[in-house]
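Spelled out, the chains give:
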Amino acid sequence: MTTPSQQLPLQPPKTVRKVIVEVVDARDLLPKDGQGSSSPYVIADFDGQKKRTSTKYRDLNPVWNEALEFTVSDPDNMDVEELEIEVFNDKKFGNGSGRKNHFLGRVKLYGSQFAKRGEEGLVYFPLEKKSVFSWIRGEIGLRIYYYDEIVEDQPPPEEPAPQPQQQPPQTEDAKPTPGLVVVEEGRVFEVPSAHMEYPIPHGVNGYSHGHGAVPCYPSPHVMVVEESQPDVVHIQDELPPPAEPTPMPVQPRMAPGLPVPEEHFAAPEVRKMQSSRGERVRVLKRPNGDYSPREIGGNKSQGENAASAGVGGAERIHPYDLVEPMQYLFVKIVKARRLAPNEAPYVKIRTSNHYLKSNPMVYRPGEPTDSPEWREVFALGHNKQESANATLEISVWDSPTENFLGGVCFDLSDVPVREPPDSPLAPQWYRLESGAVDQNSGSVSGDIQLAVWIGTQNDDAFPEARSSDAPSVAHSRSKVYQSPKLWYLRLTIIEAQDLQIAPNLPPLTVPEIRVKAQLGFQSVRSRRGNMNNHSMSVHWNEDLIFVAGEPLEDSLILLVEDRTNKDVFLLGHVMIPLISIEQRIDERRVASKWLGLEGGGGGGSGPYCGRIHLRLCLEGGYHVLDEAAHVCSDFRPTAKQLWKPAIGILELGILGARGLLPMKTKGGGKGSTDAYCVAKYGKKWVRTRTVTDSFDPRWNEQYTWQVYDPCTVLTVGVFDNWRMFGDVSEDKPDSRIGKIRIRISMLESNKVYTNSYPLLILTRMGLKKMGEIELAVRFACPSLLPDTCSAYGQPLLPRMHYLRPLGVAQQEALRGAATKMVAQWLARSEPPLGQEVVKYMLDADSHTWSMRKSKANWFRIVAVLAWAVGLAKWLDNIRRWKNPVTTVLVHVLYLVLVWYPDLVMPTGFLYVVLIGVWYYRFRPRIPAGMDIRLSQAETVDPDEIDEEFDTIPSSKPPEIIRARYDRLRILAGRVQTVLGDFATQGERVQALVSWRDPRATKLFIGVCLAITLILYVVPPKMVAVALGFYYLRHPMFRDPMPPASLNFFRRLPSLSDRLM
């Protein structure tokens, strides 16, 4: 038999999002009632809804504990909705003199700062001013969260004939009431109205609650349903007498007499925040979506970090205060003695969650086999709760025969805890014992030396320890690298004498003598030398510059070539070791040298082949650029004597990554990612350990750098490790996942920024988000240190860059050589940092042609000139009297400035100050990451992307190259037209007095003479007033046609008519 509930069609339920604002209390409010106190109340405005709390009479530290409920009209756009909390003093409780309620402060938040119910915390926000002249102090404590409701309109159920004797007294409300289901993570609150079964929607707002239907009953009106661990929904079946429910949005109230299941909510976290507005980011209103950085933790200053460490600072702050401490169980296996006969013993380490093996011991010929040494450290993830009753088993086995040689067992509850700066734990000897595995206890003998302790990732042994999730130790460890010390080598070729030039040259033919210089992979050829017929010497006086890296083991090779004929003829060569070249740190003159040439004539035609005059020096006063200048992380010169003291410390906490995409496939076609992170600042590179087979790796590693210039950039990149699985013979490059840059000057002093940045990468298919990286950054330095402030007035580059500057093209070529040298140097480390990683971090391909970058630079220019366009539009509106009041005020201001010209400069600078103060409200709260709109990565054309990834020379077919060339010609034609227009306007200005058009020049000179006479007679203030009022005259006095002066200028001649 079918029930009525089975006959009704199932309709998808509707969800309604509720936002609860709990106004808890306020502290240290300003007295504004005229009697030394205030009677505050709070008004909350969200999504067009206003709610008000009660008034607390004469209380500067009021406590409300009131909840205000708001309904979200559009949950998808809740992140950009603004919540405004305003505190006022109630005039009814004052001395009666106030005509309005006094303003006590406000707080503005966005929906992106709201937490889900159960995850909220009590946050104290400092009260902000409404205007510059407001006098505000104090803070307000708020607890803000949201939850989703499912509202279902249900028809009245079919019931049998009413039986009055069985009906409860309160049956006058016979109308069906809508069922209410409050969906949360881990629990469901339901207010049913009829006996129905509705499936809980799977994935409402990102959540999934169970897999079955939730039965609904006609009474009681309020029921609490909790979800159990195996996704089974248990419902209370007894039906107590119903009563009129009064549900509160903060906590569901139950009807009288209804048994309430016990609920365990997490204790809300009370945290002090320096500035809540640090989370209210204006960038949320930009339609960048998931491509914008977001804050994942409260940005705190150093003082607040110290305050949170303990009262009075009694508790020591953890040295890894930017990351989460991760507990590890460390096992250090040193050696063994008096072992039973064996061939290649190894050690097994086993816990309830981990299993590791050491490398087998390989004995040398003649070495005793009873005393092997391993000296290995293992790090196993440790959970104190799970390991309370667990044990650690360490056993020794023989590799070929798998014979058991003995073991040791430890109770993990007795393992000591070590925290740096404690000294390392001393290894101890433990007797090997037989176990159930060994049937013959006589084969077990000897001792093993080891140490076991519990520590964190800050432990000294952690970087070299073997982990249970790392198949290859060498390519998965965290390491710190140093870039090589690079020098500029300046070679000045002055002249060469006594060269063995071929005598059989045609008449009137001047030999073409050039010098080719080689240093490693760098090769530069000089220009053609000038030959002196009297002395038969060749002169160049040309500078050639190379990049040399320490250790200075290479040699500079000079080849003097005769390129007169088609075949190049070698006249001689000389080899100069770099270690013998003089170093200088300033512009002092270096003595030149004569060096003899060897090996002329292709095979050595004689003992003497001539000599060459050179001047060589290693320049220590330059900074060797290995990064692009606009994203450089260091500007110090090579010579250490010229370094200035550091101005601060940069601390970076690499927390982890979220939602990484699979980068490779393993057995069975399963996607996998083995991610590690690389950070570069200055000469120091850091690499985190590789977390294998995880899309949400957690590194929690912290590093520091010394900062010498605040106007530098920190670069952080994420890569997928391929080398840990590859063979030694094959060098498979690591795949890039994405990178971000953080400018140090954007960081406030001593403030922690904990943010999540999207990892974006541009592929041949377009823009792709690879995941997110979570970082914590702090720039620790005194805010107004004289060295910090004076750094903004110092030259960006060292002194030699301005005394003897390098050309742009030459500097770009040297940067490419420096990048290649750094990549080769770091590739020789262990574990190696791949050349593809180094070149990606250093932007080695930033100089390549890209239509996308050209568009981005053009729009950057337009954005820079936007202020001038805005000013012109504003002046045009003033001229057209769009707002008469503003135009009249401009007239008055203009009169004041004309009559008192000494106020012009102070007024201008005051206006700049006011603009800066006004824009202080819109300052960036989060260090910006990659901007897809600025990079023109959203709307990039596929063909332009393909062109950007094309090689040089191009590998595309001729028809594609021809189409791209035609497109480039069209773009160049537009640029050519714009340049021609600029040239035309400049030539017209020159034509005013150049007599190209005699009549126009006569008119111009006559007008200038008339203006001169007028200015001699009429006071300049009157002239300025007349010109200003004429410019601002009302539109009724204007002619819609262009003015005569503009018509005169447009008729002036230019040189465009002379172009062929």
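Residues numbered from 1 in each chain as written. Predicted model: local features only at pLDDT ≥ 70, side-chain atom pairs only at ≥ 80, totals over all residues. Heavy atoms only, no water.

You'll find the protein chain entered in an unreviewed UniProt entry as C2 domain-containing protein, with Hibiscus sabdariffa given as the organism. The heading Sequence similarities (unreviewed entry) in the UniProt record of the protein chain holds the text "Belongs to the MCTP family." Turning to the protein chain, the UniProt annotation filed under Subcellular location (unreviewed entry) states: "Membrane". (UniProt positions renumbered as here; feature names shortened; annotations may be inferred.)

A. Region of interest: the overall build of the protein chain. The helix and strand tally for the protein chain stands at 15 helices and 47 strands. Across the 1060 residues in the protein chain, those meeting the buried criterion constitute 42%. Summing over all exposed atoms, the protein chain offers an accessible surface of approximately 57800 Å²; the carbon and sulfur share of this is 56%. (Helix = DSSP H or I, 4+ residues; strand = E, 2+ residues; numbered from the N terminus. Buried < 20%, exposed > 50% of the residue type's maximum accessible area, 1.4 Å probe, protein only. Areas by Shrake-Rupley, 256 points an atom, 1.4 Å probe, with all protein chains shown as cover.)

B. Focus on the sheet that holds strand S21 (residues 373-381). Ordered by their spatial adjacency, five strands build an open sheet running S24-S25-S18-S21-S26, and the pairing between neighbours is mixed. Looking at strand neighbours, the two that pair on one side only are strand S24 (428-431) and strand S26 (466-467), the edges of this open sheet. Relative to S26, S21 runs parallel, the two being bridged by two bridges. From the neighbouring strand, alanine 379 faces S26, where its bridge partner is serine 467. (Pairing = 2+ DSSP bridges.)

C. How the structure looks around the UniProt feature "transmembrane region" (unreviewed entry) in the protein chain. In the numbering used here, UniProt assigns the feature "transmembrane region" (unreviewed entry) to residues 895-920 and 1003-1032. Split by type, residues 895-920 is 81% helix and 0% strand. Its first and last C-alpha atoms lie 31 Å apart. Strand forms 0% of residues 1003-1032 and helix 90%; the C-alpha atoms that close the span are 26 Å apart.

D. Quick look at the pattern of salt bridges. Taken as a whole and assessed by the stated rule, the structure comprises 50 salt bridges. Glutamate 561 serves as the salt-bridge partner of arginine 563, at 2.9 Å between the closest nitrogen and oxygen. Judged by its relative accessible area of 8%, glutamate 561 falls in the buried class. The network of salt bridges with common partners includes Arg490, Asp543, Arg584, Glu619 and Arg804. (Salt bridge = Lys/Arg side-chain N within 4 Å of Asp/Glu carboxyl O.)

E. Quick look at the nonpolar core. Membership of the largest hydrophobic core comes to 35 residues, with the highest contact counts inside it found for Leu650, Leu652, Trp705, Val716 and Leu775. Looking at this core, the elements that each hand over two or more residues are strand S38 (648-658), strand S41 (675-681), strand S43 (698-707), strand S44 (713-720), strand S45 (735-743), strand S46 (752-763) and strand S47 (766-780). With five residues, S47 is the largest single contributor of residues to this core. Setting aside anything within four residues of it in sequence, one finds valine 716 in contact with Leu652, Cys677, Val678, Ala679, Gly738, Lys739, Ile740, Ile773, Leu775 and Met841. (Core = buried A, V, L, I, M, F, W, Y, C linked by side-chain atoms within 4.5 Å. Contact = heavy atoms within 4.5 Å.)

F. Spatial organisation of the packing of aromatic side chains. Going through the model one piece at a time under the given rule, you end up with 17 aromatic pairs. Cluster of aromatic residues (ring-pair linked, three or more members): Tyr328, Phe330, Trp453 and Phe462. Directly above the aromatic system of tyrosine 41 lies the positively charged group of arginine 52, at a separation of 3.8 Å from the ring centroid. Positioned over the ring face of tryptophan 705 is lysine 684, at 5.5 Å from the centre of the ring. (Phe/Tyr/Trp six-rings, centres within 6.5 Å; stacked < 30°, edge-to-face > 60°. Lys NZ or Arg CZ within 6 Å of the ring centre and 35° of its normal.)

G. Spotlight on a nonpolar patch on the surface. A contiguous nonpolar patch, built from Trp858, Phe859, Ile861, Val862, Val864, Leu865, Trp867, Leu871, Trp874, Leu875 and Tyr1031 and spanning about 1100 Å² of accessible area, is present on the exposed surface. Of all elements in the fold, only helix H7 (851-864) and helix H8 (866-879) reach the threshold of two or more residues within the nonpolar patch. In terms of residue count, H7 provides more of the nonpolar patch than any other element does, five residues in total. For tryptophan 858, the location among the structural elements is in helix H7. Residue tryptophan 858 is classed as exposed on the basis of its relative accessible area of 53%. (Patch = residues over 30% accessible without salt bridge, like charges linked within 9 Å, V, L, I, M, F, W, Y side chains within 5 Å.)

H. A look at the sheet that holds strand S2 (residues 40-46). Spatial ordering of the open sheet is given by S3-S2-S5-S6, a layout of four strands whose pairing is antiparallel. Two strands in the sheet have a free side with no partner beyond their single neighbour: strand S3 (49-52) and strand S6 (102-110). Adjacent strand axes in the sheet meet at a mean angle of 15° when their direction is disregarded. Where S2 lies against S3, four bridges are found, and the strand directions are antiparallel. Looking across to S3, one finds that alanine 44 is bridged to lysine 51. (Axes fitted to C-alpha atoms, helices over the stretch in contact; angles between N-to-C directions.)

I. Region of the structure containing the side chain of arginine 17. You can see arginine 17 is positioned in strand S1 (residues 14-27). Of note is the side chain of arginine 17, whose polar atom sits 2.9 Å from the side chain of aspartate 148. (Polar contact = N/O pair within 3.5 Å; in protein donor to acceptor, adjacent residues only side chain to side chain.)

J. Molecular detail of the pairing of S21. Sheet topology places strand S18 (residues 328-337) next to S21; seven bridges connect them, and they run antiparallel. Its bridge partner being in S21, lysine 332 is matched across the sheet by valine 377.

K. Spotlight on the environment of leucine 762. Turning to its location among the elements, leucine 762 is positioned in strand S46. Measuring from C-alpha to C-alpha, the distance between leucine 762 and isoleucine 945 comes to 8.3 Å, with 183 residues separating the pair along the chain.

L. Structural detail: helix H5 (residues 808-827). With 20 residues, H5 should cover 28 Å at 1.5 Å per step; its first-to-last C-alpha distance of 29 Å lies within 8% of that length. Taken residue by residue, H5 has Gln811, Leu814, Arg815, Ala817, Ala818, Thr819, Met821, Val822, Ala823 and Leu826 as its buried positions. Looking at the buried positions of H5, the neighbouring elements they touch are strand S27 (479-482), strand S28 (486-497), strand S30 (522-525), strand S32 (537-549), strand S42 (684-687) and helix H6 (835-841). (Expected span 1.5 Å × (residues − 1).)

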